[in-house]
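Chain residues, written in single-letter form:
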Amino acid sequence: MVAAAAAALAAAEPHPAMPQAAGAGGPAARRDFYWLRSFLAGGIAGCCAKTTVAPLDRVKVLLQAHNHHYKHLGVFSALRAVPQKEGYLGLYKGNGAMMIRIFPYGAIQFMAFEHYKTLITTKLGISGHVHRLMAGSMAGMTAVICTYPLDMVRVRLAFQVKGEHTYKGIIHAFKTIYAKEGGFLGFYRGLMPTILGMAPYAGVSFFTFGTLKSVGLSHAPTLLGRPSSDNPNVLVLKTHINLICGGVAGAIAQTISYPFDVTRRRMQLGTVLPEFEKCLCHYLTILFQYHEGDYEVCLWTPWNSKRIISWFIS
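Residues numbered from 1 in each chain as written. Predicted model: local features only at pLDDT ≥ 70, side-chain atom pairs only at ≥ 80, totals over all residues. Heavy atoms only, no water.

1. Examining the pattern of salt bridges
Line of reasoning, step 1. On inspection of all chains with the given rule, the structure shows 15 salt bridges.
Line of reasoning, step 2. Between Arg154 and Asp151 there is a salt bridge, with its nearest N and O atoms 3.2 Å apart. Within this pair, Arg154 and its partner Asp151 are both found in helix 6 (residues 129-159), separated by 3 residues, close to a single helical turn. Comparing Arg154 with Asp151, the two get one shared label, buried. (Salt bridge = Lys/Arg side-chain N within 4 Å of Asp/Glu carboxyl O. Helix = DSSP H or I, 4+ residues; strand = E, 2+ residues; numbered from the N terminus. Buried < 20%, exposed > 50% of the residue type's maximum accessible area, 1.4 Å probe, protein only.)

2. Let's talk about helix 8 (residues 191-219)
Line of reasoning, step 1. For helix 8, spanning 29 residues, the distance from its first C-alpha to its last is 41 Å, which sits close to the expected 42 Å at 1.5 Å a residue.
Line of reasoning, step 2. Where helix 8 bends most, the angle comes to about 30 degrees, and this point is Met198, followed within four residues by the proline Pro200. (Expected span 1.5 Å × (residues − 1). Bend = angle between axes of the 7 residues up to and from the residue.)

3. Brief notes about the environment of Val248
Line of reasoning, step 1. In this structure, Val248 sits in helix 10 (residues 239-268).
Line of reasoning, step 2. On the basis of relative accessibility, which here comes to 37%, the residue Val248 falls in the partly exposed class.
Line of reasoning, step 3. When the C-alpha atoms of Val248 and Leu212 are compared, they prove to be 9.2 Å apart, with 36 residues separating the residues in sequence.

4. Things to note about a nonpolar patch on the surface
Line of reasoning, step 1. A cluster of nonpolar side chains, namely Leu212, Ile244, Val248, Ile252 and Ile256, defines an oily patch on the protein surface of about 390 Å² accessible area.
Line of reasoning, step 2. When residues of the nonpolar patch are assigned to their parent elements, the largest contribution, 4 residues, is made by helix 10.
Line of reasoning, step 3. Examined against the element boundaries, Leu212 turns out to sit in helix 8.
Line of reasoning, step 4. Overall, the relative accessible area of 31% leaves Leu212 in the partly exposed class. (Patch = residues over 30% accessible without salt bridge, like charges linked within 9 Å, V, L, I, M, F, W, Y side chains within 5 Å. Areas by Shrake-Rupley, 256 points an atom, 1.4 Å probe, with all protein chains shown as cover.)

5. Structural notes on the nonpolar core
Nonpolar side chains tend toward joint burial in soluble globular proteins.
Line of reasoning, step 1. In this structure, Tyr105, Val144, Val153, Leu157, Ile177 and Met198 are the most contacted members of the largest nonpolar core, which totals 22 residues.
Line of reasoning, step 2. Broken down by element, the residue count for this core peaks at 6 residues, all from helix 6.
Line of reasoning, step 3. If sequence neighbours within four positions are ignored, Ile177 has contacts with Met152, Val153, Arg156, Tyr167, Gly182, Gly183, Gly186 and Phe187.
Line of reasoning, step 4. Membership of the second largest hydrophobic core comes to 16 residues, among which are Leu62, Leu63, Val82 and Ala158. (Core = buried A, V, L, I, M, F, W, Y, C linked by side-chain atoms within 4.5 Å. Contact = heavy atoms within 4.5 Å.)

6. Some words on the environment of Val155
Line of reasoning, step 1. As for its position among the elements, Val155 is in helix 6.
Line of reasoning, step 2. When the C-alpha positions of Val155 and Ala97 are compared, they lie 8.9 Å apart, and in sequence the two are 58 residues distant.
Line of reasoning, step 3. Not counting chain neighbours up to four residues away, the residues in contact with Val155 comprise Val61, Arg265, Gln268 and Leu269.

7. Points about unusual backbone geometry
Line of reasoning, step 1. Phi angles above zero are rare outside glycine, and His66 is one such case at about 55 degrees.
Line of reasoning, step 2. Looking at the secondary structure, you find His66 in the loop between helix 3 (54-64) and helix 4 (75-86).

8. Quick look at the environment of Lys93
Line of reasoning, step 1. With respect to the helices and strands, Lys93 occurs in the loop between helix 4 and helix 5 (95-124).
Line of reasoning, step 2. Sequence separation between Lys93 and Arg58 is 35 residues, and the spatial gap between their C-alpha atoms is 7.0 Å.
Line of reasoning, step 3. Residues in contact with Lys93, not counting those within four places in the same chain, are Arg58, Glu86, Leu157, Ala158, Gln160, Val161, Lys162 and His165.
Line of reasoning, step 4. A distance of 2.8 Å separates a polar atom in the side chain of Lys93 from a polar atom in the side chain of Glu86. (Polar contact = N/O pair within 3.5 Å; in protein donor to acceptor, adjacent residues only side chain to side chain.)

9. A closer look at the packing of helix 3 against helix 4
Line of reasoning, step 1. Put simply, helix 3 and helix 4 touch, their axes get as near as 10 Å, and they point 100 degrees apart. As far as their axial angle goes, helix 4 and helix 3 are roughly perpendicular. Contacts between helix 3 and helix 4 involve Pro55, Leu56, Arg58, Val59, Leu62 and Leu63 from the former and Val75, Ala78, Leu79, Val82 and Glu86 from the latter.
Line of reasoning, step 2. In terms of residue class, the contact of helix 3 with helix 4 is built from 9 nonpolar, no polar and 2 charged. (Axes fitted to C-alpha atoms, helices over the stretch in contact; angles between N-to-C directions. Parallel < 35°, antiparallel > 145°, perpendicular 65-115°, else oblique. Nonpolar A, V, L, I, M, F, W, Y, C, P; charged D, E, K, R; others polar.)

So this is what it looks like as structure tokens:
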């Protein structure tokens, strides 16, 4: 989900000022160039961001789904254990599929954000923080739906450990999932918690970034801002301030939506997890037990059989 924060950085740049003169080199040509540049910038930014954090992302997948080789470890110990067991390239397992996915993901999200923002403002008459929140959520969901099969394959590849490979590569993973897991629908396992988590993640990410930008440029324009390259009369955040604000926005959004992310990973890996760890349909299962004449209602997690809540019905 780091891509949403990267896209937020790109989305923060205002539209370039359009020249008044019409013609071949007028507003239409300038607008087309802007969208092409935005598409490339969003995709490249997403690729760079994901490659930078790929080792942490691999460890996150392994720990979220309790891979039996690493489930007893913490983040830093797992970062040391993966290179020892699988080599340093093991930290980047699944990153190839991510690179294929993240370019269209970041680009689609950025372009959809601008489109939804304009649509909400012109059709619904909503502006300010609310329209950023709505447009960010809708853009995130659009990008996720379009690129979800690649995310499924990436997670399956990242969960594999050296010597226990189920999939030989990206193409083999696509063929295997299609053949053994219900065809095309097999690539969308876990889509519902993804959508539910993407709405608060993308919305909060864009909302927080936009708010930080507005507050920063209002209270410290000379310290935090610089003239836009497209319109010197418009202030934008300096590059390092962009990075800080994007990181803060992404961290807050990730924290809020993290339970949905864990659920998604479990469901994506449902068919390759051990039987007792599968989570195909529900995050929690309610079990009724008869206990000393009363029915005890217990709330359990299906992957580790730990009781969360317990109460009695007389």
